[in-house]
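Observations on the model geometry
Here is how the chains run, residue by residue.
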Amino acid sequence: MRFRHPDGTTVHLAYCTNVHPAETLDGVRAQLRDHCEPVRRRLGRDRLGIGLWLAKEAARTLVNDPSALRALRAELDHRGLEVVTLNGFPYEGFGAEEVKYRVYQPDWTHPERLAHTTDLARLLAALLPEDVSHGSVSTLPIAWRTPYATDPAAAATARKALTALAQRLDALAELTGKTVTIGLEPEPGCTVETTADAIAPLTAVGHDRIGVCVDTCHLATSFEDPDTALDALHTAGIPVAKAQLSAALHAEHPHLPEVREALAAFAEPRFLHQTRTLTAAGLRGTDDLDEALAGVSLPDSTPWRSHFHVPLHAPPAPPLTSTLPVLEHVLTRLVGGPAPLTRHLEVETYTWQALPAELRPRTRAQLADGIAAELTLARDLLTDLGLKELP
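What you see is a predicted model; the values in this text were computed from it and never measured.

Thoughts on the environment of Glu 291
Relative to the helices and strands, Glu 291 resides in helix 11 (residues 289–294). The partly exposed category is assigned to Glu 291, whose relative accessible area is 39%. Distance from Glu 291 to Val 335, taken between C-alpha atoms, is 37 Å for residues 44 residues apart in sequence.

Below is the structure:
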């Protein structure tokens, strides 16, 4: 979906396909047929943006077979779909029964991460619509904090890899005329947990094609102030490559038994749900929601937020809620001003099948309905900010 900002800039809204597990090219094509096109039809649009997730195997197939890449581009056009952004965070296995810490491997200290991200940038340059010159790829925020923090060579290794990536992006732009920007996606528990944590390593790389992907669930989970975060990025000259529109799980009174019971329904074995609280002494947290519920390590006298991407249009029932107001605040800052701070917005609720059983979609049709409802909410927020939806 495309929108015209009052300054004339085109802002793109997509939804991320990592909600539909697929490791192979055949699986990706099935996603387009079974999920993405039905969502587009529900919205009554001739064109729908998707934030494509290409796992390692699918990406390598496309890199090694130009005819397969041309066929994918043709299929996107045929189904009324367009791609201006890729989700390059998960490398493989995102549809596994247990993902947890595996999603952070390989990190930016391993050559496989550089190779995969280079592949994604090259593929995106070929998949961009003819009238679009700029694409974005979100990626791992360098590494999970351990064992990175105890490896004296890790920071230098990661910086060298990101610098090499920047050089490759320069060459790609010269070769294709397409600019691809990479965004490190701060996430709780990682070496880059917050936007503030991103400033030093990105300043060290010092390249305008390497920036930040602002995920509004992650930002909210870490209790970052949106204005402070975005002002700091601007002051440091770090671009917002893209923003992922997502909402975290919020519990205002975690000490109450009924609140803990409600939270326990979201503690599930597939994804990691880092949980944080902001106390007078600073930010405290656990790596997972069940750890927060089971122990005494997380104070419960202040609100908890958990890294669980809840549907934008359907916050959990009381006594829980979501951090949708944080999303709205961030969106206002990003595209509600005189000029947009980013051109790429991506709804990223990948946890539909991890929701408590009574909230999960039971059919493809129900999932498509839910994704369409999220995009409708995002569309309404954008038009309320003065952007005009384009055909």
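What about helix 13 (residues 364–384)?
Under the 1.5 Å per step criterion, the end-to-end length of helix 13 is 30 Å for 21 residues, consistent within 8% with the ideal 30 Å. Just past helix 13, the residue Gly 386 takes up positive phi, approximately 100°.

Some points on the state of the cysteines
Here a disulfide denotes a covalent bond joining the sulfur atom of one cysteine to the sulfur atom of another. This structure, assessed with the given rule, holds zero disulfides. Unpaired in this structure, Cys 16 has its nearest cysteine sulfur neighbour in Cys 213, at a distance of 9.5 Å. Looking at the unpaired Cys 217, the closest cysteine sulfur is the one in Cys 213, lying at 12 Å. Judged by its relative accessible area of 0%, Cys 217 falls in the buried class.

Quick notes on the packing of helix 2 (residues 56–64) against helix 4 (residues 111–127)
At a minimum axis separation of 10 Å, helix 2 and helix 4 run at an interaxial angle of 55°. What the angle tells us is that helix 2 and helix 4 run oblique. Judged by the twist between their axes, the crossing of helix 2 over helix 4 is left-handed. Between helix 2 and helix 4, the residues in contact are Lys 56, Ala 59, Arg 60, Leu 62 and Val 63 and His 116, Asp 119, Leu 120 and Leu 123, respectively. Looking at the contact of helix 2 with helix 4 residue by residue, the classes come out as five nonpolar, one polar and three charged.

Some details on the sheet that holds strand 12 (residues 304–310)
Taken in spatial order, the five strands of this open sheet run 11-10-12-9-13, and their pairing is antiparallel. Looking at which strands have only one partner, the edges of the open sheet turn out to be strand 11 (282–286) and strand 13 (320–322). Taking the axes of each pair of neighbouring strands and ignoring which way they run, one obtains an average angle of 30° across the sheet. In the sheet, strand 10 (residues 275–279) pairs with strand 12 via three bridges, with the strands oriented antiparallel. Within strand 12, the position partnered with Arg 276 by the bridge is Arg 305.

Some details on the pattern of salt bridges
Side chains bearing opposite charge may pair, as long as their charged atoms lie close to each other. All told, the structure shown has 25 salt bridges when counted by the stated rule. Here Glu 130 ties to Arg 73 by a salt bridge, and the two come within 3.5 Å at their closest N and O atoms. Linking Glu 130 in the loop between helix 4 and strand 5 (134–139) with Arg 73 in helix 3 (residues 66–78), this pair joins segments that are 57 residues apart in sequence. The exposed category is assigned to Glu 130, whose relative accessible area is 69%. Taken together, the shared-partner salt bridges connect Arg 29, Glu 37, Arg 40, Arg 41, Glu 75 and Arg 79 into one network.

Some thoughts on the packing of aromatic side chains
Ring pairs (aromatic) are described by centroid distance and by the angle formed between their planes. Taken as a whole, this structure holds eight aromatic pairs when the rule is applied. Members of the aromatic cluster, each reached through a chain of ring pairs, are Trp 53, Phe 94, Phe 271 and Tyr 350.

Focus: the pairing of strand 7 (residues 210–215)
Counting buried residues in strand 7 gives six out of six residues, a clear majority hidden from the surface. The pairing of strand 6 (residues 179–184) with strand 7 spans three bridges and is classified as parallel. Bridging across to strand 7, Ile 182 finds its partner in Ile 210. Here strand 7 pairs with strand 8 (residues 240–245) via four bridges, running parallel. Across the sheet, Val 214 pairs through a bridge with Ala 243, a residue of strand 8.

Cut-offs applied
- Residues numbered from 1 in each chain as written.
- Predicted model: local features only at pLDDT ≥ 70, side-chain atom pairs only at ≥ 80, totals over all residues.
- Heavy atoms only, no water.
- Helix = DSSP H or I, 4+ residues; strand = E, 2+ residues; numbered from the N terminus.
- Buried < 20%, exposed > 50% of the residue type's maximum accessible area, 1.4 Å probe, protein only.
- Expected span 1.5 Å × (residues − 1).
- Disulfide = S-S within 2.5 Å.
- Axes fitted to C-alpha atoms, helices over the stretch in contact; angles between N-to-C directions.
- Parallel < 35°, antiparallel > 145°, perpendicular 65-115°, else oblique.
- Left-handed = near helix turned anticlockwise from the far one by under 90°.
- Contact = heavy atoms within 4.5 Å.
- Nonpolar A, V, L, I, M, F, W, Y, C, P; charged D, E, K, R; others polar.
- Pairing = 2+ DSSP bridges.
- Salt bridge = Lys/Arg side-chain N within 4 Å of Asp/Glu carboxyl O.
- Phe/Tyr/Trp six-rings, centres within 6.5 Å; stacked < 30°, edge-to-face > 60°.

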